[in-house]
Amino acid sequence: MKAMVLRETLPVEQEPLRMEGLPDPVPGPQEILVRVSVCGICHTELDEIEGRLQPKLPVVLGHQVVGKVAALGPEAKRFHLGDRVGIAWIYSACGKCRFCQRGDENLCSDFKGTGCHVNGGYAQYMVISEDYAYLIPERFSDSHAAPLLCAGAIGYRDLMLSGVKKSQTLGLFGFGASAHIVIQVAKYWGCEVFVFTRGEEHQTLARRLGASWVGGPQDQPPQKLHCAIDFTPVGETVPNALELLEKGGRLVMAVIRKRNPIPPLDYSKHLWDEKEIKSVANITRKDAEAFLSLAAEIPIVPEVQKFELAEANQALILLKQGKIQGSGVLVINP
Ligand SMILES: [Zn+2]
Ligand SMILES: [Zn+2]
């Protein structure tokens, strides 16, 4: 099969992904072989490529995978050949530890990330345990379904952890793949959404998707924020967002790694009055499943920009530059 392979961590501008021929993967007893139709691109892949997050090397990246079941391991019986399935960031967890037992498999010490600890979807085929794949609701095309699997599912987890309630104000810092899906859910739940983003195109998209106020990263919104979600890769957003929080408000940090340090916090300005900060680690299968059905019910319509598999480096460079509207998707086996 053809795959875009990362062999060493480098700045993405040096185009470190190379098209290679790899043996087709063979499904183990309870695994399925998936013929990949499309795979979304994600900021986490920039962290892997540039070494802020350490992948196994060499690795095939990609954790927003939509494809068809092409073969079944001898003991796999959850799906049929030809079923359309999705694969998300959670590739596996141990199932036995105290985190897994209480449903927090995202915190498992043996958590394996798709396209990080094991090969992912920047390839024509991949294998995964049948327990970690999800049927894709029919109403979504392949490329509309892919961004739901990370940008959407993790965004949904961010939103749940923010604790935002109907008619409260939610601040979204950064307006890329995840935020443009989160706003659609928050509006559906009856929240008022304020968006802080630099790019003019991102601002236009935010307005079109129902933001009641849109401004730059330093601008003052008309009201304090009950909750905020920080999707930006920069540390400076954290004090900015904390300052705008209402008393007792919570800031959720959605990115796995920041590109630069968080500046020192001023206790009285940023944390006093019971303000909270919470990070988000990985996702559970429940998040992915619950979000896919919610997305179909709303329905979520992701904005997608399509690329060929061979253009993965260029697509990721555009992502780093903030030049992708909505979500970038690699079309592999259309
Ligand atoms: Zn992701
Ligand atoms: Zn575990």
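Coordinates for the structure precede this section.
Right, let's walk through the structure included here. This is a predicted model, so every value here is computed, not measured. (Residues numbered from 1 in each chain as written. Chains lettered and ligands numbered in written order. Predicted model: local features only at pLDDT ≥ 70, side-chain atom pairs only at ≥ 80, totals over all residues. Heavy atoms only, no water.)

1. Some remarks on the coordination of the zinc ion (ligand 2)
For the zinc ion (ligand 2), every protein donor is listed as Cys94 (SG), Cys97 (SG), Cys100 (SG) and Cys108 (SG), and the spread of their distances is 2.3 to 2.4 Å. One chain supplies every donor to the zinc ion (ligand 2), and in sequence these donors are spaced C-x2-C-x2-C-x7-C. On the basis of relative accessibility, which here comes to 28%, the residue Cys94 falls in the partly exposed class. (Donors = N, O, S within 2.8 Å, 3.2 Å for Na, K, Ca; no water. Buried < 20%, exposed > 50% of the residue type's maximum accessible area, 1.4 Å probe, protein only.)

2. Describing the pairing of strand E6 (residues 84-87)
The two faces of E6 match: Arg84 and Gly86 on one face and Val85 and Ile87 on the other face are all buried. Sheet analysis places strand E5 (residues 65-72) next to E6, joined by four bridges and oriented antiparallel. Bridge pairing in E6 links Val66 to Gly86. As defined by bridge partners, E6 adjoins strand E10 (residues 134-135) across two bridges and the pair is classed as antiparallel. By the bridge assignment, Val85 is partnered in E10 with Leu135. (Helix = DSSP H or I, 4+ residues; strand = E, 2+ residues; numbered from the N terminus. Pairing = 2+ DSSP bridges.)

3. What to know about the packing of helix H4 (residues 151-162) against helix H5 (residues 177-188)
Following both chains from N to C, one finds H4 and H5 inclined at 55 degrees, their axes separated by 8 Å at the closest point. Considering the angle they form, H4 stands oblique to H5. Seen from above, H4 lies across H5 with right-handed handedness. Of the residues in H5, those touching H4 at Ala151, Gly152, Gly155, Asp158 and Leu159 are Ala177, Ser178, Ile181, Val182, Val185 and Ala186. (Axes fitted to C-alpha atoms, helices over the stretch in contact; angles between N-to-C directions. Parallel < 35°, antiparallel > 145°, perpendicular 65-115°, else oblique. Left-handed = near helix turned anticlockwise from the far one by under 90°. Contact = heavy atoms within 4.5 Å.)

4. Some thoughts on the environment of Gln305
With respect to the secondary-structure elements, Gln305 resides in strand E17 (residues 304-308). Note on Gln305: relative accessible area 26%, which makes it partly exposed. In the structure, Gln305 is positioned 22 residues away from Ser327 in sequence and 6.2 Å away in space, judged by C-alpha atoms. When sequence neighbours within four positions are dropped, the list of residues in contact with Gln305 reads Lys323, Ile324, Gln325, Ser327, Gly328 and Val329. Of the polar contacts made by the side chain of Gln305, one reaches the backbone nitrogen of Gln325; its length is 3.2 Å. (Polar contact = N/O pair within 3.5 Å; in protein donor to acceptor, adjacent residues only side chain to side chain.)

5. Let's talk about the state of the cysteines
Scanning all chains against the criterion turns up zero disulfides. Cys116 takes part in no disulfide bond, and the closest cysteine sulfur, belonging to Cys42, lies 11 Å away. Residue class for Cys116 comes out buried when judged on its relative accessible area of 1%. (Disulfide = S-S within 2.5 Å.)

6. Thoughts on a nonpolar patch on the surface
On the surface, Ile262, Leu265 and Ile277 cluster together into a nonpolar patch covering about 220 Å² of accessible area. Take Ile277: it is sitting in strand E16 (residues 276-279). (Patch = residues over 30% accessible without salt bridge, like charges linked within 9 Å, V, L, I, M, F, W, Y side chains within 5 Å. Areas by Shrake-Rupley, 256 points an atom, 1.4 Å probe, with all protein chains shown as cover. Salt bridge = Lys/Arg side-chain N within 4 Å of Asp/Glu carboxyl O.)

7. Quick notes on the sheet that holds E16
With respect to topology, six strands assemble into an open sheet ordered E13-E12-E11-E14-E15-E16, the strand pairing being parallel. Of all strands in the sheet, those with a lone pairing partner are strand E13 (213-215) and E16, marking the two edges. When the angles between neighbouring strand axes are averaged without regard to direction, this sheet yields 15 degrees. In the sheet, strand E15 (residues 245-253) pairs with E16 via four bridges, with the strands oriented parallel. Its bridge partner lying in E16, Leu251 is registered against Ile277. Lying on the sheet, helix H7 (residues 237-244) is in contact with strand E11 (169-173), strand E12 (192-196), strand E14 (225-230), E15 and E16; it crosses E15 at an angle near 150 degrees.

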